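Given next are the chains, with one letter for each unit.
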Amino acid sequence: MATERYNPRDAEPRWQQKWNEAKVFETDNGDPREKYYVLEMFPYPSGRIHMGHVRNYALGDVVARYKRARGFNVLHPMGWDAFGMPAENAARDNKVHPKSWTYQNIASMKTQLKAMGLSLDWSREFATCDVEYYHRQQALFLDMMEKGLVYRKKSKVNWDPVDHTVLANEQVIDGRGWRSGALVEQRELVQWFFKITDFSQDLLDELDTLDQWPEKVRLMQKNWIGRSEGMAVRWEIVPSTAPAGETEVTVYTTRPDTLFGASFLAIAADHPLARAAAEKNPAIEAFAEECRRHGTSLAALETAEKKGIDTGIRVKHPLDPSWELPVYVANFVLMEYGTGAIFGCPSGDQRDLDFARKYGLPVVPVVMPKDGDAATFEIGDTAYVDDGVMINSRFLDGKSTTDAFELVAEKLESTLLGNQPQGERKVNFRLRDWGISRQRYWGCPIPVIHCDDCGVVPVPKKDLPVELPEDVTFDQPGNPLDRHATWRHVACPNCGKDARRETDTMDTFVDSSWYYTRFTAPREDAPTDPAVADRWLPVDQYIGGIEHAILHLLYSRFFTRAMRETGHLDVKEPFKGLFTQGMVVHETYRRGTGQNGEWVSPAEIRIEEIDGKRRAFLLSDGEEISIGSIEKMSKSKKNVVDPDDIIASYGADTARFFVLSDSPPDRDVIWSEAGVEGAHRFTQRLWRLISEASGNLVGVKPNPAKNGEALPISQAAHKTLKAVQEDYDRLSFNRAVARIYELVNTLAAPLAKVASGEGDPTYRAAVREAAEILVQVVAPMTPHLAEECWAVLGNAEMVSRTPWPAYDETLVVENDVTLPIQINGKKRGELTIARDADQSAVEAAVLALDAVKAALDGRAPKKIIVVPQRIVNIVV
RNA sequence: GCGGGCGUGGCGGAAUUGGUAGACGCAGCGGACUCAAAAUCCGCCGUCGCAAGACAUGUCGGUUCGAGUCCGACCGCCCGCACCA
């Protein structure tokens, strides 16, 4: 029986409409079944979805559809991370308002996402730039302010002296403003901060409970929080070298044991002592200025050449007042970390060593490896940073580094400098408070008012929301809120006097730090409905890019803690399970070479294989194009594939199936035309096999075979069901795809047999049962095709509403196992034996094998290793 | 620079987490069907070798009866570094 090819252009919109009409994916907060919350990181509305989105949402959708079939009450919402700089750039470049630009982008991206057939509850959709959303964010801010989780302090920004505007780190290129090209300066502004450091220890401790997070992400967060145990050590300044009023410097160190290896102190350019020294010495002032001309990004700072300048200030060594050391200003010391001052021990720290070599400072080895020789141990170009034995360290000589730490700590704690101990044990964190102020328009306004008399006054909740004004201009740089004619003028809520609105808006990371909570009650008047939030949270499976491993995830973890303190919910951790997916990458194509070269998009070329070598040619004139490396899809390299084009020509199911197959989801996937065609052939093949057999299966009651001709069919189906189920639970979709291909290969002949009218009723019942299992296991990946197959088999209910089948244990177990037999670790034979055979039975059977007899040649084996149901190794 | 990760056939990958390396797919080759092509179906497919076999998981060492998996060093690529989202 011949059937028509499967036509996704017809089937996909049809099923999407049916799901929509039946509200299959709308979630009821009152549903009593066990909940499952699956969430993909919501997109920034750039205007068009890209393959990364397709992959991200396909992954989440499989989880959502699978868990729904498993009987959970699934929440799977979608929204828009809609504030941010690109809207302002578009406003500047194209004279469109950020608001209309953003909402238009949302509209077109929503159409694209809908074409993917995702099982989303669109009734909960919101954008973070909706007044209804940022209104509640402002309320949260006020509550956090009341709890002391918000404060202001001076902090540095990248300042463009030509455009008179604050630049983001990504807008600073090689130390210059991206538009003006001017050398960027650091400038201090009073800015708003969240006290994330209140939770440093807790954020660190609770990482241990996140056992469904990738180990690497937990490790990254742990290192980011950066707990260290060390000492604050006070160094007395030699009075004759001290700037007026200065008597000492406090240094934070994690290695007090290496104090006898100290050869200098280094302080940040913004350290008070450095500022004092700069006042008297123009060279120091010039150096500090140079340090400030770097951007504020740590990466830029640390890749820069390590430099310093002697301040002329001398300090006395804390363990020997007669020993004087120089104090340098150094560009690698940060005011934000520790005390803004370090002591340099060149033999024990590579950076200090490089610095010492550069400025001719002494290098005294103080730690050597346990088996080293103190008389000959020297430091060359490499510092010795590990633990070991103390040398050249007076009373510490011969002690371990750990003991030396203790001895120095006790000594410094009991020595007085002035009336205070010279040193104090201190736990330090690398984590800094979260600066949320942005001098930009397109963000959530910070709801406070500045009054000359009353100071900083929170906007009363009844006056919320503080709405963004719409009549703004982007024809000049700087913050439009600042120069708006009326917006910032407001009466003080306290005294009624003329006052000014805060014109800073919030970091867009704030928006994304609690949106997952808002989805649980998106139309609530308050930020959350705490009872509802507590029922849905934590998110059971969160899926997104590894690039968010630290900031977004840490900020969200902070927010649940802050929202707990302010009574908005009562959970500690936002995301129970986390999955970080890899990127979608593609070959690059380049026409011409060097400066005249230009990137060519995959749509403009065809690939041919000539003598086993892949070559690319321009479609328009046949010119040969060179095939370049495989890279992340990006507009600049033109190696992008538009999901719209793929969906239009192959359908959403093919696109979904392709991004799920082949590569494991946490690794990069290479987009290739051949791969897509392979996925498309699979969809067609599945449809053809099912639909051609369907005529002879429609009235048949599904029933697995326990014996006879159809037994292997039922066994294959149930084994696949079990395997795919496990793969779905582990998010190993590429493995599930492989299992599904195998099942299709196994079922091809039986389905063809049924299609041709053969097979008795028992056989047909088994084939039908296997076919249904096949359709149900692919349904989460290719939902439209599955519905179409499900319907053609005569099922009245949609497959999206059909419970997951249960596999039959008796069809899954094997009675015999085949063991590889190794002799000295090399495979020499095989042995098939009963699954439950005991060790001695296995040994006897093995020794009876010809291959083993030949290898032993009459000798007795030295040892026989039997790993039950795995392997046998004979040592000769 | 610091922190984290990855590296297996021509290609994407699998390997029950220390137990038969290469499942499954893509590409390729051979065959069937066809006037022909497409589609489809069947078979072959790590390297060397006639074969027995040997060699093979980025490189070099180590641990082990046994290493893709564990340890050490190195090489290459990718992500993050606090104002991109």
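As the structure is a computational prediction, the values presented were derived from the model and not from experiment. (Residues numbered from 1 in each chain as written. Chains lettered and ligands numbered in written order. Predicted model: local features only at pLDDT ≥ 70, side-chain atom pairs only at ≥ 80, totals over all residues. Heavy atoms only, no water.)

Some words on the overall build of chain A
Move 1: Across its full length, chain A carries 27 helices and 37 strands.
Move 2: Along the longest, intermediate and shortest principal axes, the C-alpha atoms of chain A span 105 × 90 × 65 Å.
Move 3: Considering chain A as a whole, with its 876 residues, one finds that 53% of them fall into the buried category.
Move 4: For chain A, long-range pairs separated by at least 24 residues make up 71% of all intrachain contacts whose partners lie at least 6 apart in sequence.
Move 5: Of the roughly 39,000 Å² of accessible surface on chain A, 49% is carried by carbon and sulfur atoms.
Move 6: The average position of the 106 basic charges and that of the 128 acidic charges among the side chains of chain A differ by 1 Å. (Helix = DSSP H or I, 4+ residues; strand = E, 2+ residues; numbered from the N terminus. Buried < 20%, exposed > 50% of the residue type's maximum accessible area, 1.4 Å probe, protein only. Contact = heavy atoms within 4.5 Å. Areas by Shrake-Rupley, 256 points an atom, 1.4 Å probe, with all protein chains shown as cover. Lys, Arg positive; Asp, Glu negative; His and termini not counted. Charge placed at Lys NZ, Arg CZ, Asp CG, Glu CD.)

Examining the sheet that holds strand β35 (residues 826–834)
Move 1: Ordered by their spatial adjacency, 4 strands build an open sheet running β35-β34-β37-β36, and the pairing between neighbours is mixed. Two strands close off the open sheet at either side, each with one partner strand: β35 and β36 (863–867). Direction aside, neighbouring strands of the sheet carry axes that sit 20 degrees apart on average.
Move 2: Sheet topology note: the strand β34 (residues 816–823)/β35 ladder contains 8 bridges and is antiparallel. Residue D816 lies in a different strand from β35, and its bridge partner there is A834.
Move 3: Lying on the sheet, helix α26 (residues 839–847) is in contact with β34, β35, β36 and β37 (871–875); it crosses β35 at an angle near 125 degrees. (Pairing = 2+ DSSP bridges. Axes fitted to C-alpha atoms, helices over the stretch in contact; angles between N-to-C directions.)

Comments concerning the nonpolar core
Move 1: Core analysis: the biggest nonpolar cluster contains 177 residues, and F141, F194, Y515, F559, W671, Y728 and I740 have the highest contact counts within it.
Move 2: Of all the elements, helix α22 (residues 733–755) adds the most residues to this core, at 11 residues.
Move 3: Excluding its chain neighbours within four sequence positions, the residues that come into contact with Y515 are L39, E40, M41, F42, F126, Y133, Y542 and H552.
Move 4: W235, A278, Y384 and A404 belong to the second-largest nonpolar core, a separate cluster that totals 47 residues. (Core = buried A, V, L, I, M, F, W, Y, C linked by side-chain atoms within 4.5 Å.)

Describing the protein's contact with RNA strand B
Move 1: Around RNA strand B sit 68 residues, and of these N169, R440, R735, K827 and N873 come closest.
Move 2: Between RNA strand B and R430 there is a distance of 3.0 Å, counted from a base nitrogen to a backbone nitrogen or oxygen.
Move 3: Of the residues forming the surface near RNA strand B, the biggest block, 7 residues, is contributed by α22.
Move 4: Residues belonging to the surface near RNA strand B are distributed by class as follows: 26 nonpolar, 17 polar and 25 charged. (Near = heavy atom within 4 Å. Polar contact = N/O pair within 3.5 Å; in protein donor to acceptor, adjacent residues only side chain to side chain. Nonpolar A, V, L, I, M, F, W, Y, C, P; charged D, E, K, R; others polar.)

Some words on the pattern of salt bridges
Move 1: Here the structure, examined in full by the defined rule, presents 50 salt bridges.
Move 2: Ionic pairing is found between D10 and R14, a salt bridge with its closest N-O pair at 2.8 Å. Taken as a pair, D10 and R14 lie in helix α1 (residues 8–21) at a separation of 4 residues, close to a single helical turn.
Move 3: Note on R14: relative accessible area 28%, which makes it partly exposed.
Move 4: The closest approach of N and O atoms between D61 and R65, which form a salt bridge, is 2.9 Å. Taken as a pair, D61 and R65 lie in helix α2 (residues 51–69) at a separation of 4 residues, close to a single helical turn. (Salt bridge = Lys/Arg side-chain N within 4 Å of Asp/Glu carboxyl O.)

Considerations on the packing of helix α8 (residues 272–280) against helix α9 (residues 282–293)
Move 1: Between α8 and α9, whose axes approach to 6 Å, the crossing angle comes to 130 degrees. Taken together, the axes of α8 and α9 lie oblique to each other. In this structure, α8 uses A274, R275, A277, A278 and K280 to contact α9, whose residues at the interface are P282, I284, E285 and R292.
Move 2: When its residues are assigned to classes, the contact of α8 with α9 shows 5 nonpolar, no polar and 4 charged. (Parallel < 35°, antiparallel > 145°, perpendicular 65-115°, else oblique.)

Focus on the sheet that holds strand β19 (residues 434–435)
Move 1: In spatial order, the strands read β4-β3-β7-β19; together these 4 strands make up an open sheet with antiparallel pairing. Among the strands making up the open sheet, the edge pair consists of β4 (165–167) and β19.
Move 2: In the sheet, strand β7 (residues 185–194) pairs with β19 via 2 bridges, with the strands oriented antiparallel. Directly across from F194, in β19, lies its bridge partner W434.

Remarks on the side chain of D352
Move 1: Assignment of secondary structure puts D352 in helix α11 (residues 350–359).
Move 2: Of the side chains with opposite charge, R351 lies nearest to the buried D352, which makes no salt bridge, at 5.0 Å.

Looking at the environment of V744
Move 1: Looking at where V744 falls in the secondary structure, it is placed in helix α22.
Move 2: By relative accessible area, which is 1% here, V744 ends up buried.
Move 3: Measuring from C-alpha to C-alpha, the distance between V744 and L774 comes to 7.7 Å, with 30 residues separating the pair along the chain.
Move 4: Ignoring sequence-local partners within four residues, the contact set of V744 consists of F682, R685, L686, L689 and L774.

Examining helix α18 (residues 643–650)
Move 1: Looking at α18, one finds that the buried residues are P643, I646, I647 and Y650. The buried residues of α18 all sit within an arc of 95 degrees when viewed along its axis, so they share a single face.
Move 2: Buried positions along α18 lie against α1, α2, α4 (98–115), α19 (652–660) and α20 (673–694).
Move 3: Where α18 starts, the residue carrying a side-chain oxygen 2.9 Å from the main-chain nitrogen of D644 turns out to be D642.
Move 4: Phi turns positive one or two residues past the end of α18, at G651, with a value near 100 degrees. (Arc of directions from axis to C-beta.)

What to know about helix α5 (residues 131–146)
Move 1: With 16 residues, α5 should reach 22 Å at 1.5 Å per residue; the first-to-last C-alpha distance of 23 Å fits that figure.
Move 2: Burial analysis of α5 places 12 of its 16 residues in the buried class, the great majority of the element.
Move 3: Every buried residue of α5 is listed here: Y133, Y134, H135, R136, Q137, Q138, A139, L140, F141, L142, D143 and M144.
Move 4: A positive phi of about 75 degrees marks G148, the residue just after α5. (Expected span 1.5 Å × (residues − 1).)

Some details on the packing of aromatic side chains
Move 1: A full pass over the atoms with the stated rule returns 44 aromatic pairs.
Move 2: With centroids separated by 5.4 Å and ring planes inclined at 65 degrees, the aromatic side chains of F509 and Y555 adopt a geometry described as edge-to-face. Of this pair, F509 sits in helix α14 (residues 508–511) while Y555 sits in helix α17 (residues 551–565), and the two are 46 residues apart along the sequence.
Move 3: We classify F509 as partly exposed; its relative accessible area is 24%.
Move 4: Taken together through their ring pairs, the aromatic side chains of F42, F126, Y133, W514, Y515, Y516, F519, Y542 and F575 make up a single cluster.
Move 5: Directly above the ring of W487 sits R501, whose terminal nitrogen or CZ lies 5.6 Å from the centroid.
Move 6: We note K753 situated over the ring of Y763; from NZ or CZ to the ring centre the distance is 4.4 Å. (Phe/Tyr/Trp six-rings, centres within 6.5 Å; stacked < 30°, edge-to-face > 60°. Lys NZ or Arg CZ within 6 Å of the ring centre and 35° of its normal.)

Here's the deal with the confidence of the model for chain A
Move 1: Residues of chain A with pLDDT of at least 70 account for 98%, and the chain-wide mean is 90.
Move 2: Our summary of model confidence lists the complex with pTM equal to 0.93 and ipTM equal to 0.92. (pLDDT = per-residue confidence, 0-100.)

Describing the pairing of strand β10 (residues 264–267)
Move 1: Burial of the side chains of β10 extends over both faces: F264 and A266 are buried on one face and L265 and I267 on the other.
Move 2: Relative to strand β13 (residues 341–344), β10 runs antiparallel, the two being bridged by 4 bridges. Within β13, the residue paired with F264 across the bridge is G344.
Move 3: Where β10 lies against strand β12 (residues 320–330), 3 bridges are found, and the strand directions are parallel. Looking across to β12, one finds that A266 is bridged to Y328.

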